[in-house]
Amino acid sequence: MCELYSKRDTLGLRKKHIGPSCKVFFASDPIKIVRAQRQYMFDENGEQYLDCINNVAHVGHCHPGVVKAALKQMELLNTNSRFLHDNIVEYAKRLSATLPEKLSVCYFTNSGSEANDLALRLARQFRGHQDVITLDHAYHGHLSSLIEISPYKFQKGKDVKKEFVHVAPTPDTYRGKYREDHADSASAYADEVKKIIEDAHNSGRKIAAFIAESMQSCGGQIIPPAGYFQKVAEYVHGAGGVFIADEVQVGFGRVGKHFWSFQMYGEDFVPDIVTMGKPMGNGHPVACVVTTKEIAEAFSSSGMEYFNTYGGNPVSCAVGLAVLDIIENEDLQGNAKRVGNYLTELLKKQKAKHTLIGDISEELDRLWVKFFFTSRRGIGLFIGIDLVKDHLKRTPATAEAQHIIYKMKEKRVLLSADGPHRNVLKIKPPMCFTEEDAKFMVDQLDRILTVLEEAMGTKTESVTSENTPCKTKMLKEAHIELLRDSTTDSKENPSRKRNGMCTDTHSLLSKRLKT
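About the thresholds
- Residues numbered from 1 in each chain as written.
- Predicted model: local features only at pLDDT ≥ 70, side-chain atom pairs only at ≥ 80, totals over all residues.
- Heavy atoms only, no water.
- Helix = DSSP H or I, 4+ residues; strand = E, 2+ residues; numbered from the N terminus.
- Buried < 20%, exposed > 50% of the residue type's maximum accessible area, 1.4 Å probe, protein only.
- Contact = heavy atoms within 4.5 Å.
- Areas by Shrake-Rupley, 256 points an atom, 1.4 Å probe, with all protein chains shown as cover.
- Salt bridge = Lys/Arg side-chain N within 4 Å of Asp/Glu carboxyl O.
- Core = buried A, V, L, I, M, F, W, Y, C linked by side-chain atoms within 4.5 Å.
- Axes fitted to C-alpha atoms, helices over the stretch in contact; angles between N-to-C directions.
- Parallel < 35°, antiparallel > 145°, perpendicular 65-115°, else oblique.
- Nonpolar A, V, L, I, M, F, W, Y, C, P; charged D, E, K, R; others polar.
- Phe/Tyr/Trp six-rings, centres within 6.5 Å; stacked < 30°, edge-to-face > 60°.
- Lys NZ or Arg CZ within 6 Å of the ring centre and 35° of its normal.
- Pairing = 2+ DSSP bridges.
- Left-handed = near helix turned anticlockwise from the far one by under 90°.
- Patch = residues over 30% accessible without salt bridge, like charges linked within 9 Å, V, L, I, M, F, W, Y side chains within 5 Å.
- Disulfide = S-S within 2.5 Å.

Student: What am I meant to see in the overall build of the chain here?
Tutor: Broken down by element type, the chain carries 16 helices and 17 strands. Counting every position in the chain, which comprises 515 residues, the buried fraction comes to 55%. Sequence-distant contacts, at least 24 apart, represent 73% of the contacts inside the chain between residues at least 6 apart. Carbon and sulfur atoms form 52% of the exposed surface of the chain, whose accessible area is close to 23,000 Å².

Student: Even after reading the chapter, I still don't get the pattern of salt bridges, so can you show me in this structure?
Tutor: Where charged atoms from two side chains of opposite charge come close, those side chains can pair. Considering all chains together, one arrives at 20 salt bridges under this definition. With its nearest N and O atoms 2.9 Å apart, the salt bridge here joins Glu305 to Arg82. Note that Glu305 is positioned in the loop between helix H9 (293-300) and helix H10 (314-329) and Arg82 in the loop between helix H2 (64-74) and helix H3 (86-97), a separation of 223 residues in sequence. Classification of Glu305 by relative accessible area gives exposed; the value is 52%.

Student: Explain the nonpolar core here, please?
Tutor: Soluble globular proteins tend to bury their nonpolar side chains together. Core analysis: the biggest nonpolar cluster contains 98 residues, and Leu95, Phe210, Tyr228, Phe252, Met276, Leu425 and Met441 have the highest contact counts within it. If we ignore the near neighbours within four places in the chain, the residues touching Met441 are Leu50, Cys52, Leu343, Met408, Val413, Leu415 and Ile427. Membership of the second largest hydrophobic core comes to 23 residues, among which are Ala123, Ala209, Ile273 and Val289.

Student: Teacher, can you tell me more about the packing of helix H4 (residues 112-127) against H9 here?
Tutor: Contact geometry for H4 and H9: axes closest at 8 Å, N-to-C directions at 85°. With respect to H9, the element H4 is oriented roughly perpendicular. Taken together, the residues of H9 that come into contact with H4 (itself represented by Leu118, Arg121, Leu122, Gln125, Phe126 and Arg127) are Glu294, Ile295, Ala298 and Phe299. Looking at the contact of H4 with H9, its residues break down into six nonpolar, one polar and three charged.

Student: Where do I start with the packing of aromatic side chains in this structure?
Tutor: Two numbers describe a pair of aromatic rings. These are the distance of the centres and the angle of the planes. The full count for this structure, using the stated rule, is 17 aromatic pairs. Residues Phe26 and Tyr406 carry aromatic rings whose centres are separated by 5.6 Å and whose planes lie at 80° to one another, so their mutual orientation is edge-to-face. A residue pair is termed long-range when its members are at least 10 positions apart, and Phe26 in the loop between helix H1 (7-17) and strand E1 (33-37) and Tyr406 in helix H13 (residues 398-410) qualify at 380 residues. With a relative accessible area of 7%, Tyr406 lands in the buried category. Three or more aromatic residues joined by ring pairs make a cluster, and in this case those are Phe210, Tyr228, Phe229, Phe243, Phe262, Tyr265 and Phe269. Sitting over the ring of Phe42, Arg35 keeps its end group 3.9 Å from the ring centre.

Student: What am I meant to see in the pairing of strand E3 (residues 48-51) here?
Tutor: When a strand is regular, its side chains alternate between the sheet's two faces. A two-sided burial pattern is seen for E3, the buried positions comprising Gln48 and Leu50 on one face and Tyr49 and Asp51 on the other. Sheet topology note: the strand E2 (residues 40-43)/E3 ladder contains three bridges and is antiparallel. Looking at E3, one finds that Met41 is bridged to Tyr49. Two successive antiparallel strands, E2 and E3, enclose a turn made up of four residues, where Gly46 displays a positive phi of approximately 85°. Two elements, E3 and strand E15 (residues 413-414), share two bridges in a ladder whose sense is parallel. Residue pairing in the sheet places Leu50 in a bridge with Val413 of E15.

Student: How do you make sense of the side chain of Thr275 when you look at a structure like this?
Tutor: Residue position: Thr275 is located in strand E9 (residues 273-276). If we ignore the near neighbours within four places in the chain, the residues touching Thr275 are Ala115, Asn116, Ala119, Ile244, Ala245, Asp246, Glu247, Val248, Cys288 and Val289.

Student: Would you explain the sheet that holds E2 in this entry?
Tutor: Neighbouring strands of a sheet are bound in pairs by backbone hydrogen bonds; such pairs are parallel or else antiparallel. On the basis of which strands lie adjacent, the open sheet formed by four strands has the order E1-E2-E3-E15 and mixed pairing. The open sheet is flanked by E1 and E15, the only strands paired with a single partner.

Student: How do you make sense of the environment of Lys389 when you look at a structure like this?
Tutor: With respect to the secondary-structure elements, Lys389 resides in strand E13 (residues 382-390). Separated by eleven residues in the primary sequence, Lys389 and Glu400 place their C-alpha atoms 8.8 Å from one another.

Student: What is the right way to read the packing of H2 against H10 from this model?
Tutor: For any two helices packed against each other, one specifies the inter-axial angle together with the distance between the axes. In contact at an axis separation of 8 Å, H2 and H10 are set at 155° when each is read in the N-to-C sense. As far as their axial angle goes, H10 and H2 are roughly antiparallel. The element H2 and its partner H10 pack so that their crossing is right-handed. Here Gly65, Val66, Ala69, Ala70, Gln73 and Met74 of H2 come into contact with H10, specifically with Pro314, Val315, Ala318, Val319, Ala322, Val323 and Ile326. Residue classes in the contact of H2 with H10 are distributed as eleven nonpolar, two polar and no charged.

Student: Is there a simple way to explain a nonpolar patch on the surface in this structure?
Tutor: Taken together, the side chains of Leu4, Tyr5 and Leu13 present a nonpolar region at the surface, about 330 Å² in accessible area. Turning to its location among the elements, Leu4 is positioned in the segment before H1.

Student: How do you make sense of the state of the cysteines when you look at a structure like this?
Tutor: By definition, a disulfide links the sulfur atoms of two cysteines through a covalent bond. Within the structure shown, the criterion is met by zero disulfides. No disulfide involves Cys106; its nearest neighbouring cysteine sulfur is the one of Cys288, lying 4.3 Å away. Classification of Cys106 by relative accessible area gives buried; the value is 18%.

Dropping the structure here:
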């Protein structure tokens, strides 16, 4: 494999020349990826990893159809959108055909962040209002205008919430304010938005927009309860605002049953503005805002021209058209539904199989970690696994989640953890992910959970039969040691390449668990 530098030198140069706030996956032992194909990535030693992280490579890493389309157009022309060219209008026509009829006007940008920033401009120009309602734990991009409306970011830093930003509770029926036992959680969460609007009006402020991902990603793969978005849209429209659906991470067929995630909530819900990004170029920088004719005309009436030098350039649009063709020709939306359903069933079996999951004694819940899989954490090929220490209290298992993603990396499966407590395992692979891949991933997860269960079973027998402070302390110390090993032993390599890799996942950890 051709490399400019050794892994050690690459790390050194990155530390010297790349900003320290630019993080890498698996920071204690990062992977150096030198090539990728479809749903697999390869390091400098040729080791193959199953990619369950990269929703950006939507139709698969380095898809030949995308590469060919980009190369062909680059050999002919690449210029800005002030010149007439067929690619931009063909792409706009094709995108619009996938959306409800009223969403027909496109603005092309280079990133999801640019798209969301432009969406805010459109919303504010529409009625002359300024305030934005966003969801707690939301993330909409890295521009200053978007950090301001992204609690996922500004609540972690020193930034103070701006007076024009209003944060509504995340409509999470598992961990949120109104849970699955509430008689009408959709209305209860929507009423929180209604109250925000009323309070804003009482303070002399006016709402420009409500913005939300159709399924909250960084917030922990949250699917709102049925009817929530419809009620919110009603309240926001009544206040003269617009509804912005952020489909940057969850669009283009990823949910399986529908092309756009917002379509899951019924035909009676249609956003006023839809933003899209990451997947539409399969890694090439292209993004888009689609809105109504009325909103677009109001934006134009300001007299300010909108021009984005490379937004909608011929190469980007050729790539975007190729991605749409591949989704259709390879039935990747259908694949997301089939494989997503299969993966969900496998995870349900894990819940039924593992003694750490389900109804166990209250005492055991207090003393050890329990993992709980919940159906509210995704659909299609966008799934989350919420890890908790205590089923009743739903205490987030943050350290355990980190332990698992490092152990999965050792098995050559790439996962990440996210959510407000960093305890939700995120599964969002390229759309060519297969049932074989799903089984392989779950098998590795199964073995890791089994190791944890065996450690718990060995220790908890003595705890339950001899419930003394000394035994309880031993259990906690063993647990802490196991989690510590998740990073200190990250250089161990118990497996080789896929199809012959991961032949013995239990023996590696058994030495540590005997101590």
